Amino acid sequence: MRLTSTYFYEVFWKRFRRNRFAVAGGVVVLLLFVLSLLAPYITPFDPDAIDAYNVLLPPSSAHWFGTDELGRDVFTRVIFGAKISLKVGFVAVGIAVLIGTVIGLVSGFYGGWIDDVFMRFVDIMLCFPTFFLILAVIAMLEPSIWYIMIIIGLTGWMGVARLVRAEVLSIRELDYVMAARALGASDLRIIFRHILPNAMSPVLVSATLGVAGAILTESALSFLGIGVQPPTPSWGNILTSGKDYIEFAWWLSLFPGLAILVTVLSYNLLGEGIRDTLDPRLGR
Amino acid sequence: MKMRWGLSLLSLLFLFSLVACDSGGKTIRPVARKPGKPAYGDAIVVGTGGEPSNLIPILASDVPSHDIAGLVFNGLVRYDKNLKLEGELAESWDVAPDGLTITFHLRKGVKWHDGHEFTSRDVMYTYRITIDPKTPTAYADAFKQVKTAEAPDPFTFRVSYAKPFAPALESWGMSILPAHLLEGKDITKSELSRHPVGTGPYRFKEWIAGQKIILESNPAYYEGRPYIGRYIYRIIPDNSTMYMELKAGTLDMMGLSPVQYSRQTNTPEFTARFNKYRYPAFVYTYLGYNLRHPLFADKRVRQAISSAINKDEIIHGVLLGMGQVAHGPYKPGTWAYNSHIRDFDYNPALAQRLLAEAGWKETNSDGILVKDGKPFQFTIITNQGNDQRLKTAQIIQRRLKNVGIDVKIRVIEWASLLAHFIDKGNFEALIMGWTIGQDPDIFDVWHSGKTGPKELNFIGFKNIEVDRLLEEGRSTFDMEKRKRCYYRIQDILAEEQPYTFLYVPDALPVVSARFRGIEPAPAGITHNFIRWYVPKEEQLH
Amino acid sequence: MLSYLLKRLLMMIPLLFGITIITFVVIHLAPGEPVEMQVAMNPKVSAQARQRMREFYGLDKPLHVQYVTWVARMAKLDFGRSFAPDNRPVTDKIKERIPVTLSLNIIALILEFGLAIPIGILAAVHRDTLLDKGITIFVFLGFAVPTFWLALLLMYLFGVKLSWLPISGLHSLGSEGFSPFRWLWDMAKHLILPISVAAFGSLAGLSRYMRSNMLDVIRQDYIITARAKGLSERTVIYRHALRNALLPVITLLGFSLPGLIGGSVIFETIFAIPGMGQLFYMGVMARDYPLVMGILVIGAFLTLVGNLLADISYALADPRIRHGQR
């Protein structure tokens with residue numbers, strides 16, 4: 001198994017490298033990680049330091065991205081916002097993947113009425129306009145970053161469940177799984193040892209795309225005033241505070257807007273790239 | 001769009017609407033166009049963020065509903081442009097020498113929009129339905145002071161009070177409702193709430209849900225037909241969208257934000273098309289503490305918080321200087337305003353000393369003060385849709401962090417804020433605003449008898465001396481005596497700091513330059529709305 | 001075919017129940033009783049009236065009884081009265097908003113499919129060329145840009161700077177007096193921006209799906225056979241491959257609806273369009289529980305119907321299902 005997996009990664013990397021968009025996406029994604037981790041060392045400003053006498057200053061050598069409506073340094077807030085926005089994306093997707101994987105696995109592996117019940121549940125959840133559900137729950141509870149992540153996760157697992165289930169169904173009947181079963185391997189062992197590793201690649205793709213989606217959802221919630229709450233900066237709430245000044249303080253919306261755009265784009269390209277690379281049918 | 005009457009629930013207002021224009025003071029006189037000749041016709045398009053809830057004024061507590069009602073209905077009296085009471089549906093009135101009885105002589109020949117004649121029966125109905133315990137209204141208090149009300153003939157209405165009640169006359173500015181359409185019916189189920197019939201300068205024409213409300217001029221209005229033919233109230237939820245509509249010329253009037261006023265609207269192109277106005281609004285914004293909460297029981301803590309807040313910084317950052325510091329519940333320059341209040345100025349060192357005296361100590365290194373093992377933490381709530389309050393909250397959050405207090409901010413929709421948080425006393429601190437009434441009576445907000453659920457002293461302020469002064473102040477007509485009462489109240493409030501009074505903002509309305517006849521006055525710009533006009537050659541609609 | 005239809009219809013029943021259960025659970029997760037809101041809005045409600053209200057909403061009964069009463073009333077299209085001060089029946093409020101949102105979303109859907117399918121095909125046929133890459137970036141840009149930001153930028157550009165298009169709303173002032181043609185043209189101008197923004201944002205998913213479908217089909221045996229037969233590339237692609245690649249796209253039609261309806265909250269708010277999204281947002285913020293529950297159920301139900309229609313069209317188009325049941 002270990003040998004094959006090294007081989008697998010080698011082949012993967014070779015093919016992945018040829019997709020320049022995906023590589024670019026990957027580089028941006030990595031850069032963002034570094035940036036968000038090093039945020040406090042990159043900028044001399046405190047992201048929450050209000051300076052009421054210097055509000056809405058245009059970009060300058062002191063404030064690269066200008067200042068916002070409370071005189072805070074926009075560059076600093078965008079960098080710190082990266083951390084929050086990525087956190088929202090990752091935690092939400094983590095929750096979605098966890099739920100989706102468990103349900104997909106159980107559903108696909110056991111089949112029968114369990115499968116029926118779970119899949120109908122998936123169908124039902126897919127009928128709701130997800131954003132409506134998120135909006136309803138967050139507005140009625142309280143817009144905290146934790147609720148936002150949890151609710152986005154709780155409403156985003158259905159795709160993963162379907163993917164995992166389909167994968168399980170196709171793997172279950174493969175020779176080596178049958179063999180393992182014949183040798184008396186337990187259900188859990190079969191699931192964790194044989195099925196899960198194989199089912200993970202489509203999940204990886206959907207998780208990558210999910211991070212992008214969650215970042216967008218947070219910005220939409222911020223626009224409605226129930227996203228990440230002040231003073232914590234998120235790209236969504238910086239962009240929202242800039243929307244009133246689009247015409248004259250363009251820097252306040254341009255930079256967070258671009259940050260969201262580039263990040264979401266990168267995650268998408270990366271996800272697509274991984275999918276293409278993993279797809280055996282596309283082999284050249 | 002007339003004056004707000006006294007301090008009512010409504011006064012917890014939304015600033016983003018036009019309310020703020022209903023006040024007076026200095027004005028930047030815009031570039032003059034030729035006045036042209038007054039002409040009938042055209043329409044004025046006004047933007048609103050929210051849809052009105054109920055067009056029967058006594059049932060609504062939101063600004064959009066009252067904006068519409070103010071044009072459709074009349075009261076018995078109103079404030080003129082110089083903020084003096086004058087007759088509206090009452091042609092005149094007599095006050096008995098003891099001040100306890102007012103006799104209103106109603107205007108004859110006034111017609112409801114459906115042609116029915118206005119009489120004292122309508123006034124009597126309005127009075128009775130307002131004090132009816134079954135009516136869900138927030139405006140009953142002043143009318144409950146009335147001992148007897150009678151209508152000896154169709155054009156006379158008389159009320160007597162058990163004891164002198166200074167705001168009595170003002171309270172009859174309440175919109176009078178049509179008895180012939182409502183009597184004997186359940187007012188909460190009446191279709192008048194979506195299709196009002198009044199006596200005012202504009203008649204209700206149409207309400208397209210979620211889009212607009214259209215009013216047309218009332219040709220039979222007793223003061224004469226208004227020049228502007230239609231009043232169109234457009235519902236535009238997003239403030240940036242509203243501003244773009246204004247710039248595109250599809251909106252004629254809105255309240256500007258300080259940033260829009262000072263930084264975005266100074267181009268020759270803009271000033272040629274619009275007239276901007278600026279004057280102090282009759283509103284103050286405050287940070288109020290829930291005094292029932294143990295955190296704020298100690299006066300020193302409240303004084304410390306006030307000392308930690310830099311009001312000048314807020315006026316600079318949030319209002320871009322377009323406003324003034326508030327030290328108490330009155331507007332600087334009005335007769336009840338005490339200019340010698342000893343307020344707590346910005347002094348973080350004092351704040352820290354006071355907190356230490358009150359037992360709050362820094363015990364760990366997280367920068368947050370602790371007492372009895374509990375960190376000093378609280379949440380400030382404020383209403384959605386008011387950007388100024390949110391920014392204020394953020395500045396306060398930052399300043400309080402500097403002295404070791406951890407503040408969270410929560411923004412809640414208006415109706416929900418009232419119902420779930422304020423009315424239940426379920427909050428720690430809040431940032432809100434009160435309109436400053438023409439009469440200085442502030443009984444409803446500060447008297448200890450008004451701390452019940454749904455009442456306006458929701459912070460639970462109880463002070464025997466203030467109670468006595470409030471009672472004294474409202475039950476005499478002697479100005480000097482009243483002044484002494486209200487001066488003393490301001491001193492006590494400054495010492496107790498149940499609120500940190502923050503600022504009195506400027507109203508910043510903007511109107512398309514094609515509208516003429518606007519006369520800025522102490523009452524703002526809309527006092528003579530029915531005399532605004534657009535010269536024939538410039539009419540658009 | 002008939003039996004397929006019947007089976008499909010029967011399958012909707014448990015789903016419908018599931019929708020109501022989830023809606024019910026979500027709303028009852030919120031702290032506080034729904035009735036609190038209305039009571040609190042009304043200072044004069046006595047303990048007695050309060051009790052009556054509790055009884056009216058059945059709040060004195062156990063949860064499962066409440067659920068049954070609610071569903072039973074809903075079956076008669078009675079969603080209760082709004083908690084807003086206007087106290088109108090929820091059904092009325094939704095009714096006046098549904099046509100706007102639905103027609104807007106259907107137009108956006110048509111536009112989305114009309115653009116995404118050719119784009120996807122183009123990208124597949126010209127795989128790995130500059131065109132393919134350009135398309136990829138274009139559609140992902142649409143997905144990646146925050147809707148409200150793009151909307152505001154376009155509004156500023158086309159509405160304020162260029163004055164080509166109206167900024168918000170559905171009709172111009174005075175459109176009541178327009179001739180029918182002019183009226184329609186006026187409304188169309190108002191819809192250009194919101195619909196473009198909505199469609200642009202959803203292009204990515206569908207066009208990528210179309211592209212990979214097309215690639216799959218092109219590699220199938222029969223296409224290879226067709227090519228081998230010497231048919232022209234055009235015929236191969238547009239006659240044989242396209243038909244088969246298009247088929248699964250139909251099923252996506254139904255699933256695109258919830259995404260679009262969900263997104264309508266944002267663009268209805270920004271463009272001041274009086275639709276269901278805006279109503280839902282206001283309802284949620286004001287904790288207008290009957291309204292929120294009503295819209296959730298109706299929104300999900302619309303998707304269900306959308307899926308049904310998609311499945312039926314799929315069945316009609318796919319010979320295997322069309323004839324399979326005989």
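So, how was this worked out
Residues numbered from 1 in each chain as written. Chains lettered and ligands numbered in written order. Predicted model: local features only at pLDDT ≥ 70, side-chain atom pairs only at ≥ 80, totals over all residues. Heavy atoms only, no water. Helix = DSSP H or I, 4+ residues; strand = E, 2+ residues; numbered from the N terminus. Buried < 20%, exposed > 50% of the residue type's maximum accessible area, 1.4 Å probe, protein only. Contact = heavy atoms within 4.5 Å. Lys, Arg positive; Asp, Glu negative; His and termini not counted. Charge placed at Lys NZ, Arg CZ, Asp CG, Glu CD. Salt bridge = Lys/Arg side-chain N within 4 Å of Asp/Glu carboxyl O. Buried area = accessible area lost by both parts, 1.4 Å probe. Expected span 1.5 Å × (residues − 1). Polar contact = N/O pair within 3.5 Å; in protein donor to acceptor, adjacent residues only side chain to side chain. Patch = residues over 30% accessible without salt bridge, like charges linked within 9 Å, V, L, I, M, F, W, Y side chains within 5 Å. Areas by Shrake-Rupley, 256 points an atom, 1.4 Å probe, with all protein chains shown as cover. Pairing = 2+ DSSP bridges. Core = buried A, V, L, I, M, F, W, Y, C linked by side-chain atoms within 4.5 Å. Bend = angle between axes of the 7 residues up to and from the residue. Domains from an automatic or database assignment. Phe/Tyr/Trp six-rings, centres within 6.5 Å; stacked < 30°, edge-to-face > 60°. Lys NZ or Arg CZ within 6 Å of the ring centre and 35° of its normal. Axes fitted to C-alpha atoms, helices over the stretch in contact; angles between N-to-C directions. Parallel < 35°, antiparallel > 145°, perpendicular 65-115°, else oblique. Left-handed = near helix turned anticlockwise from the far one by under 90°.

(A) Inspection of the overall build of chain A at higher detail. Looking only at helices and strands, chain A has 11 helices and 0 strands in total. What you see in chain A, going N to C, is helices and strands ordered as α-α-α-α-α-α-α-α-α-α-α. Taking the principal axes of the C-alpha coordinates as reference, chain A spans close to 75 × 45 × 30 Å. Of all 284 residues assigned to chain A, the portion counted as buried reaches 55%. For chain A, contacts bridging at least 24 residues in sequence account for 72% of all contacts bridging at least 6. Taken as two groups, the 21 positive and 21 negative side-chain charges of chain A have centres that lie 12 Å from each other.

(B) Spatial organisation of the pattern of salt bridges. Counted under the stated rule, the structure contains 48 salt bridges over all chains. In this structure, the salt-bridge partner of Lys247(B) is Glu247(A), at a minimum N-O distance of 2.5 Å. One end of the pair, Lys247(B), is in helix 6 (residues 239–247); the other, Glu247(A), is in the loop between helix 10 (235–242) and helix 11 (250–278), on a second chain. Salt bridges here are not isolated pairs; linked through shared partners, they connect Asp141(B), Asp441(B), Asp444(B), Lys450(B), Glu455(B) and Arg474(B).

(C) Just the interface of chain B and chain C, in detail. Every contact between the two is made by 38 residues of chain B and, on the other side, 34 residues of chain C. Area buried by chain B at its contact with chain C is led by Met244(B), His420(B) and Lys454(B), which between them contribute 16% of it. Across the salt bridge formed by Glu51(B) and Arg97(C), the nearest N and O atoms sit 3.4 Å from each other.

(D) Spotlight on helix 12 (residues 387–402) of chain B. Residue and element names in this part refer to chain B. Here helix 12 contains 16 residues, and its C-alpha end-to-end distance of 23 Å stays within 8% of the 22 Å for a straight helix at 1.5 Å per residue. Helix 12 sits mainly inside the fold: 12 of its 16 residues count as buried. Those residues of helix 12 that sit buried are Gln388, Arg389, Lys391, Thr392, Ala393, Gln394, Ile395, Ile396, Gln397, Arg398, Arg399 and Leu400. At the N-terminal boundary of helix 12, the capping side chain belongs to asparagine 386, with an oxygen 3.1 Å from the backbone nitrogen of glutamine 388. At the C-terminal side of helix 12, glycine 404 shows a positive phi close to 95°.

(E) Geometry of the interface of chain A and chain C. Across the boundary between the two partners, chain A contributes 46 residues, which contact 53 residues of chain C. Buried area between chain A and chain C, both sides added, is near 4500 Å², and the carbon and sulfur share of it is 81%. The largest share of the area that chain A buries against chain C comes from Cys127(A), Phe132(A) and Met140(A), three residues that together contribute 18% of it. In this structure, the connection of chain A to chain C is made through 1 salt bridge.

(F) Fine view of a nonpolar patch on the surface. Taken together, the side chains of Leu30(A), Phe33(A), Val34(A), Leu35(A), Leu37(A), Leu38(A), Tyr41(A), Ile42(A) and Phe90(A) define a hydrophobic patch exposed on the protein surface, amounting to about 880 Å² of accessible area. Per element, the largest residue contribution to the nonpolar patch is 8 residues, and it comes from helix 2 (residues 20–42) of chain A.

(G) Looking closely at the side chain of Asn218(B). Among the secondary structure elements, Asn218(B) is positioned in the loop between strand 9 (212–217) and strand 10 (228–235). Those residues in contact with Asn218(B), other than ones at most four positions away along the chain, are His113(B), Thr199(B), Gly200(B), Pro201(B), Tyr202(B), Arg203(B), Arg225(B) and Pro226(B).

(H) Quick peek at the environment of Asp128(C). All names here are of chain C. Position of aspartate 128 among the secondary structure elements: in the loop between helix 6 (98–125) and helix 7 (130–144). Classification of aspartate 128 by relative accessible area gives partly exposed; the value is 38%. As for aspartate 128 and proline 274, which are separated by 146 residues in sequence, their C-alpha atoms are 43 Å apart.

(I) Fine view of the pairing of strand 9 of chain B. All names here are of chain B. A large share of strand 9 lies buried, amounting to 5 of its 6 residues. In this structure, strand 8 (residues 202–208) lies alongside strand 9, joined through 6 bridges in antiparallel fashion. Directly across from tryptophan 207, in strand 9, lies its bridge partner isoleucine 213. Between strand 8 and strand 9, which follow one another and run antiparallel, lie 3 residues, and glycine 210 among them has a positive phi close to 75°. Relative to strand 10, strand 9 is paired through 5 bridges, and the arrangement is antiparallel. The residue of strand 10 that forms the bridge with lysine 212 is arginine 234.

(J) Region of the structure containing the nonpolar core. Judged by nonpolar contacts, the single largest core of 203 residues is most densely connected at Leu135(A), Leu224(A), Leu246(B), Met214(C), Ile270(C), Phe271(C) and Phe280(C). If we ignore the near neighbours within four places in the chain, the residues touching Met214(C) are Ile121(C), Ala124(C), Ile237(C), Ala241(C), Leu242(C) and Ala245(C). One finds Leu70(A), Leu287(B), Ala304(B) and Leu430(B) within the second-largest nonpolar core, a separate group that totals 80 residues.

(K) Fine view of helix 11 (residues 233–270) of chain C. All names here are of chain C. With 38 residues, helix 11 extends just 46 Å between its outermost C-alpha atoms, more than 12% less than the 56 Å of an ideal straight helix rising 1.5 Å per residue. Along helix 11, the sharpest change in direction is near 45° and occurs at leucine 242. Just downstream of helix 11 lies alanine 272, where phi reads positive at about 55°.

(L) Structural context of the domain arrangement of chain B. Residues and elements named next belong to chain B. When cut into domains, chain B gives domain 1 (1–72 + 200–278 + 508–541), domain 2 (74–193) and domain 3 (283–506). With centres defined by C-alpha atoms, the gap from domain 2 to domain 3 works out at 34 Å. With 11 residues of domain 2 at the interface, the matching set in domain 3 holds 11 residues. Interface of domain 2 and domain 3: buried area, both sides summed, is about 920 Å²; carbon and sulfur atoms make up 58% of it.

(M) Summary view of the packing of aromatic side chains. Across all of its chains, the model carries 50 aromatic pairs over all chains by this definition. An aromatic cluster of at least three residues, connected via ring pairs, comprises Tyr284(B), Tyr286(B), Phe427(B), Trp434(B), Trp446(B), Phe458(B), Phe461(B), Tyr499(B) and Phe501(B). Between the NZ or CZ atom of Arg182(C) and the centre of the ring of Phe178(C), over which it lies, the distance is 3.7 Å.

(N) Molecular detail of the packing of helix 7 of chain C against helix 9 (residues 180–218) of chain C. All names here are of chain C. Contact geometry for helix 7 and helix 9: axes closest at 6 Å, N-to-C directions at 140°. When the interaxial angle is binned, helix 7 and helix 9 end up oblique. Considering how the two elements wind past one another, helix 7 and helix 9 form a crossing that is left-handed. Contacts from Asp132, Thr136, Phe138, Val139, Phe140, Leu141, Gly142 and Phe143 of helix 7 reach helix 9 at Phe200, Gly201, Leu203, Ala204, Ser207, Arg208 and Arg211.

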